[in-house]
Amino acid sequence: MGCYLGFSTHVAEMSDMKKSYVVDTNVFLADPLAIYAFPGSDILIPDVVLSELDRLKTSKLDKKLRYRGRQISRILFSLSEKGLLLEGIPIEDDTTVRVVAFDQSMGIPATLNPKNTDDRILAVASQAAHAGADVTIVTNDLNMLLKAQTLELPVVRYGEDDERGLASRIGQGIKRNRAVAAAALVGVMALGIAVYALQVSTRANGGNPAFPGQGEAAPPAMQQLQAKELEYRQRLNQNPRDVAALIGLGNVNADIAQITKSTDHFRAAASYYNKALKIAPDNPNVRTDMAIAHFYLGEVDTAIKEVKQALKYAPNHPQAHYNLGVFYFKGKKDSVSAVRELNAAIRADKVGELSGQARELLREIRTQERQGGQ
């Protein structure tokens with residue numbers, strides 16, 4: 001481990017003993033929103049990372065990397081308007097973001113050279129760890145991974161490479177149980193839910209569909225979704241109770257789930273809708289959309305429960321009745337309840353947008369019943 005001089009305890013006190021993540025520059029270039037991927041933790045950004053991001057402005061790197069560098073810089077600047085980053089700024093999900101300066105008065109492993117950028121990041125992590133903080137380094141740099149391991153510092157790889165981007169970013173947390181996610185996705189596919197167009201309620205003026213199988217319109221480009229997510233997160237930094245921003249983040253994650261078929265993003269969509277409902281519990285549109293997310297996660301009982309709750313607030317909500325019919329038919333194999341809800345959707349559909357789809361599904365139910373009786 002090398003020789004250490006005396007360490008103070010101010011870094012550990014600063015982190016309030018939360019789980020701390022020291023984030024490398026390349027992580028932000030892969031995902032400018034990475035600070036939001038560690039709920040309930042302390043995000044430590046070494047001061048040298050800010051210097052590297054600043055140098056990107058005049059570099060000849062790929063335009064996409066420079067764009068991502070500007071994004072994280074804007075996020076940090078927005079946070080700095082709320083207080084001193086050196087003291088830590090709270091964001092959503094009980095997470096704190098702080099910039100940590102390398103302390104020359106504190107010891108570091110003898111193998112590290114603080115004039116080297118990577119070594120300086122490792123030195124910050126080492127100082128925090130030896131002051132008592134529960135530190136993990138997050139990087140995509142193979143050499144840093146190896147160096148951290150030789151120093152016996154916990155380290156994880158954030159993504160497969162710098163092209164990881166938003167599409168494959170985990171909605172909540174940096175670790176993904178691939179076996180569980182794959183099993184959940186298989187369960188969803190077994191329901192055959194992509195066949196039916198579940199009706200989303202929170203999109204104004206018939207906006208882009210949130211879930212697979214809903215219409216022919218192409219989903220927004222991933223770059224547009226990333227910009228939207230950044231906008232909504234900045235709004236939440238200013239006002240954590242911004243219901244419209246929470247709903248917007250739910251919609252963005254639902255759109256990403258449509259593109260990637262990612263259970264993580266369906267889960268994130270449900271989480272943001274739920275946060276919005278804690279502030280505005282009587283919003284039937286949001287509750288209907290949250291039910292869709294749960295259904296695509298294979299959580300049929302929860303989906304039915306939530307859409308029934310939406311109908312308590314709005315008994316003649318056509319999308320809620322239609323979706324409940326789909327939930328019963330595809331999730332529970334309950335044709336009787338499905339027919340009841342689809343007929344209710346037709347009666348409630350004053351505009352006529354849902355009636356055709358509901359009647360088509362009713363015909364399929366009757367066809368299956370006749371075939372089953374033969």
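Residues numbered from 1 in each chain as written. Predicted model: local features only at pLDDT ≥ 70, side-chain atom pairs only at ≥ 80, totals over all residues. Heavy atoms only, no water.

(A) Molecular detail of the overall build of the chain. Helices and strands together make up the secondary structure of the chain, namely 15 helices and six strands. Nonlocal contacts in the chain, meaning residues at least 24 apart in sequence, comprise 63% of its contacts between residues at least 6 apart. Total accessible area computed for the chain in this model is approximately 17,000 Å², and 51% of it derives from carbon and sulfur atoms. (Helix = DSSP H or I, 4+ residues; strand = E, 2+ residues; numbered from the N terminus. Contact = heavy atoms within 4.5 Å. Areas by Shrake-Rupley, 256 points an atom, 1.4 Å probe, with all protein chains shown as cover.)

(B) Spatial organisation of the pattern of salt bridges. Following the criterion strictly, the structure yields 12 salt bridges and no others. A salt bridge links K19 to D134; the nearest nitrogen and oxygen atoms lie 3.3 Å apart. Taken as a pair, K19 in strand β1 (residues 19–23) and D134 in strand β5 (residues 134–139) lie far apart in primary sequence, 115 residues in all. With a relative accessible area of 29%, K19 lands in the partly exposed category. Between R235 and D242 there is a salt bridge, and its shortest N-O distance comes to 3.1 Å. Judged by relative accessible area, R235 falls into the partly exposed class, the value being 30%. Residue D242 is classed as buried on the basis of its relative accessible area of 15%. (Salt bridge = Lys/Arg side-chain N within 4 Å of Asp/Glu carboxyl O. Buried < 20%, exposed > 50% of the residue type's maximum accessible area, 1.4 Å probe, protein only.)

(C) Looking closely at the packing of aromatic side chains. Per the stated rule, a full pass over the model turns up five aromatic pairs. With 6.3 Å between their ring centres and 75 degrees between their planes, F295 and Y296 make a pair best called edge-to-face. Given the relative accessible area of 0%, F295 is considered buried. With a relative accessible area of 3%, Y296 lands in the buried category. Three or more aromatic residues joined by ring pairs make a cluster, and in this case those are F266, F295, Y296 and F327. Directly above the ring of F329 sits K330, whose terminal nitrogen or CZ lies 5.5 Å from the centroid. (Phe/Tyr/Trp six-rings, centres within 6.5 Å; stacked < 30°, edge-to-face > 60°. Lys NZ or Arg CZ within 6 Å of the ring centre and 35° of its normal.)

(D) Main features of the environment of V252. Tracing the backbone shows V252 in helix α9 (residues 243–260). A sequence separation of 26 residues divides V252 from Q226, and the C-alpha atoms of the two residues are 8.4 Å apart. The residues touching V252, leaving out its near neighbours within four places in the chain, are L225, K228, E229 and Y232.

(E) The arrangement of the nonpolar core in detail. Counting residues in each nonpolar core, the largest one holds 51 residues, and the members touching the most others are I35, L79, V97 and I137. Looking at this core element by element, the count peaks at six residues for helix α5 (residues 117–130). Not counting chain neighbours up to four residues away, the residues in contact with V97 comprise I35, I43, I45, L76, L79, L85, G88, I89 and I91. Ranked by size, the runner-up nonpolar core spans 30 residues in total, among them L198, F266, V307 and F327. (Core = buried A, V, L, I, M, F, W, Y, C linked by side-chain atoms within 4.5 Å.)

(F) The confidence of the model for the chain, seen in detail. Mean pLDDT over the chain stands at 77; residues scoring 70 or higher make up 78%. A low-confidence stretch, residues 204–220 (pLDDT under 50), is modelled with 37 contacts involving residues beyond four sequence positions or located in other chains. (pLDDT = per-residue confidence, 0-100.)

(G) Local environment of the packing of helix α12 (residues 300–313) against helix α13 (residues 318–332). It is at 10 Å that the axes of α12 and α13 come closest, and there the two elements cross at 160 degrees. Regarding the angle of α12 to α13, the classification is roughly antiparallel. Both α12 and α13 take part in a crossing whose hand is left-handed. Counting all contacts with α12, which are made through V300, D301, A303, I304, V307, K308 and L311, the residues of α13 involved are A320, H321, L324, F327, Y328, G331 and K332. By residue class, the composition of the contact of α12 with α13 is nine nonpolar, two polar and three charged. (Axes fitted to C-alpha atoms, helices over the stretch in contact; angles between N-to-C directions. Parallel < 35°, antiparallel > 145°, perpendicular 65-115°, else oblique. Left-handed = near helix turned anticlockwise from the far one by under 90°. Nonpolar A, V, L, I, M, F, W, Y, C, P; charged D, E, K, R; others polar.)

(H) Inspection of the pairing of β5 at higher detail. Burial runs high along β5: five of the six residues are buried. Where β5 lies against strand β6 (residues 155–157), three bridges are found, and the strand directions are parallel. Following the sheet pairing, T139 is matched in β6 by R157. Each parallel crossover has a hand, and the one from β5 via helix α6 (residues 142–150) to β6 is right-handed. (Pairing = 2+ DSSP bridges. Right-handed = clockwise from strand over helix to strand, strands pointing away.)

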